[in-house]
Amino acid sequence: MTQLEFNFYAAVPDTPELRKGTDGQLLNGCFYERSTGAFVSYVLGRRHHVFNTDVLTRDWMEKTKRDRWID
């Protein structure tokens, strides 16, 4: 019987680049993304969740747009 070789490194796609803030730290928390116009959460630099604006309060959205925006 012929033995097959499998390259696991070629089978797994590269991980996406992690997003960092202006201070060089990985993004954690909720942000307003200017490029998409969406409120998103990041966990350890990876985009985790996009929020439905129908359930967010107007005060929170305005504060987040002003204080925690990313491009």
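Residues numbered from 1 in each chain as written. Predicted model: local features only at pLDDT ≥ 70, side-chain atom pairs only at ≥ 80, totals over all residues. Heavy atoms only, no water.

Undergrad: Just checking my understanding: could you explain the side chain of Ser41 for this structure?
TA: Turning to its location among the elements, Ser41 is positioned in strand E2 (residues 38–43). Owing to a relative accessible area of 8%, Ser41 belongs among the buried residues under this scheme. Those residues in contact with Ser41 that sit more than four places away from it in its chain are Gly29, Cys30, Arg46, Arg47, His48, His49 and Phe51. (Helix = DSSP H or I, 4+ residues; strand = E, 2+ residues; numbered from the N terminus. Buried < 20%, exposed > 50% of the residue type's maximum accessible area, 1.4 Å probe, protein only. Contact = heavy atoms within 4.5 Å.)

Undergrad: Explanation requested: the packing of aromatic side chains in the structure shown.
TA: The geometry of two aromatic rings is summed up by the distance between their centres and the angle between their planes. Overall, the coordinates contain four aromatic pairs when judged by the stated rule. Centroid distance Phe39 to Trp60: 5.6 Å. Interplanar angle 50°. Geometry classified as tilted. Of this pair, Phe39 sits in strand E2 while Trp60 sits in helix H2 (residues 58–67), and the two are 21 residues apart along the sequence. Overall, Phe39 belongs to the buried group, its relative accessible area being 2%. Residue classification places Trp60 among the partly exposed residues on the basis of a relative accessible area of 30%. Every member of this aromatic cluster is reached through a ring pair, and the members are Tyr32, Phe39, Phe51 and Trp60. Sitting over the ring of Trp69, Arg34 keeps its end group 3.5 Å from the ring centre. Against the face of Phe31 rests Arg68, its NZ or CZ located 4.3 Å from the ring centre. (Phe/Tyr/Trp six-rings, centres within 6.5 Å; stacked < 30°, edge-to-face > 60°. Lys NZ or Arg CZ within 6 Å of the ring centre and 35° of its normal.)

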